[in-house]
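Here is how the chains run, residue by residue.
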Amino acid sequence: MSVAAAFPVGAATTLAELTVNPHPRLALLREHEPVSWLPELGGWLVTRRDLALDVMRDARTFTVDDPRFSTAQVVGPSMLSLDGEQHTRHREPFNAPFRPRQVHDGFAAFIEGETGRLVDTLEPAGAAELRRAFAGPLAVAVVTEALGLVGTTAQTVLAWYDTIVRSVSEITAGRDAGTEGPAAYAQLRTAVEGTIADRHSSSLLVSAADRLQPPEVASNAAVMMFGGIETTEAMITNALLQLLRHPDQLALVQADFDLLDGAIEESLRLEPGALVVDRYATRDIELGPAAIREGDPVTVSLAGANRDPAVFADPDRFDVRRPNARLQLAFAHGPHHCIAAHLARLETRIALRQLLQRLPGLRLDPERPATPEGLVFRKPPTLHVRWDRPA
Ligand code: HEM
């Protein structure tokens, strides 16, 4: 029997469906084919939480270190695209600044200030599209601050980011990277080298340069830029959308802001900003019902794992008081667990608290509905809201 015939639910799954409304299909896959072959994906998809953990914990068998990895083709090898000792060598120099205490001390005041500035600008209008007017600019500002590139503005970082993303997307679609992406990356590399050379700079890139070569620091700076913009914009937008769609849950948070963290975890569980992580099998291996062959692509569905009813009761419900919401896997797991998870959580917490406290009666704009979409990164294209203007 062919592999497609052995996995009929996978064979009937389209990428279009996974882009628009993935959750019913992921539930079907998880129940019948928790590791399934998807012809449209050209690889395996893992949707059960325990099997997702097995894959992400075992980097020897399921590696990111493969020439097909599109990001590495543009920005070179980094912690995101290496495994084993090389991964440790690239990641270790960046660990300290992202620990909870350091994140709080280093970023809370900056994030409060930037958020305050953005809300000041929005407040008088009584209406806004919060993804582009709020979540995106905040995400860019925080990444720019985190990288601490000497003489580089948030606008420049955003321009590099857009260009490099376009180039990576071209490669993912099987086309040539073009020249603009590599040119933008060369400018980023020059800025990184300038920062490293400036011994007065307190950038985390300077201390990383004690243990990594400048081009290696630049590659890791690029993946931090990647990791920190699209996903954080999604995390903030999705969390707002979940709360505004569930007025009863929003009222609980408004009455007790200690529940905000639960709301954020629950949103990460239901709509993780990054839906999937990609791995490649380094040997033949049985995983659940699947006989995976060396070289096969293995995609872990974080969205599928996050609604596994074996772990999360009534998994489709948004419940800010869910006791085990923190078992969600939106930041992945194992050696590649998001290095900046604490920073992203802090940023989202400050952003949501200020919006909810400063914009009275914040609500979705009924005339312009927001619907999340996306195959890899998922969020609503727009989030139109209204609030009561000050008299
Ligand atoms: C300031 C914000 C962020 C920065 C700077 C950042 C940076 C990074 C970096 C450098 C990695 C690679 C770690 C490694 O491979 O060892 C990573 C991994 C990851 N991040 Fe983040 N990230 C941020 C926010 C987020 C958010 C908001 C999400 C999702 C909601 C997210 C999801 C992930 C996931 C799923 C991985 C694992 C990728 C994989 O295993 O293939 N990140 N992040």
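The rules behind each value
Residues numbered from 1 in each chain as written. Predicted model: local features only at pLDDT ≥ 70, side-chain atom pairs only at ≥ 80, totals over all residues. Buried ≥ 20, exposed ≤ 12 C-beta atoms within 10 Å, placed from the backbone. Helix = DSSP H or I, 4+ residues; strand = E, 2+ residues; numbered from the N terminus. Pairing = 2+ DSSP bridges. Near = placed C-beta within 6 Å. Nonpolar A, V, L, I, M, F, W, Y, C, P; charged D, E, K, R; others polar. Core = buried A, V, L, I, M, F, W, Y, C linked by C-beta atoms within 7 Å. Contact = placed C-beta atoms within 7 Å. Axes fitted to C-alpha atoms, helices over the stretch in contact; angles between N-to-C directions. Parallel < 35°, antiparallel > 145°, perpendicular 65-115°, else oblique. Left-handed = near helix turned anticlockwise from the far one by under 90°.

As annotated in an unreviewed UniProt entry, the protein is Cytochrome P450 from Streptomyces spinosisporus.

Q: What is the right way to read the pairing of strand S1 (residues 35-38) from this model?
A: Note on strand geometry: in a regular strand, side chains alternate between the two faces of the sheet. Covered by surrounding structure in S1 are Val35 and Trp37 together with Ser36 and Leu38, the residues of both alternating faces. Summarising the sheet, S1 and strand S2 (residues 43-46) pair through four bridges and their orientation is antiparallel. Its bridge partner being in S2, tryptophan 37 is matched across the sheet by tryptophan 44. The loop that links S1 with its antiparallel partner S2 comprises four residues; one of these, glycine 42, has a positive phi angle of about 65 degrees.

Q: Would you mind going over the site of the ligand with me for this structure?
A: Residues in contact with the ligand amount to 27 residues; listed here are only the nearest, Gly227, Gly228, His336, Cys338 and Ala340. Looking at the shell around the ligand, the elements with two or more residues in it are helix H9 (130-147), helix H13 (214-245) and helix H17 (341-358). The element contributing the most residues to the shell around the ligand is H13, with seven residues. Residues of the shell around the ligand, tallied by class, amount to 20 nonpolar, six polar and one charged.

Q: What is the right way to read the nonpolar core from this model?
A: Among soluble globular proteins, nonpolar side chains are generally buried collectively. Core analysis: the largest hydrophobic core is formed by 104 residues, its most contacted members being Val143, Ala221, Ala222, Met225 and Leu302. Sorting elements by how many residues they give to this core places H13 first, with 16 residues. Every residue in contact with alanine 221, bar those within four places of it in the chain, is listed here: Leu147, Leu188, Val192 and Leu205.

Q: Would you take a moment to explain the packing of H13 against H17 for this structure?
A: A packed helix pair is summarised by two numbers, namely the angle formed by the two axes and the spacing between the axes. Two numbers describe how H13 lies on H17: the axes approach to 10 Å, and their chain directions differ by 40 degrees. Relative to H17, the element H13 lies oblique. The crossing of H13 and H17 is right-handed. Contacts between H13 and H17 involve Thr232, Met235, Ile236, Ala239 and Leu240 from the former and Ala344, Glu347, Thr348, Ala351, Leu352 and Leu355 from the latter. Residues of the contact of H13 with H17, tallied by class, amount to eight nonpolar, two polar and one charged.

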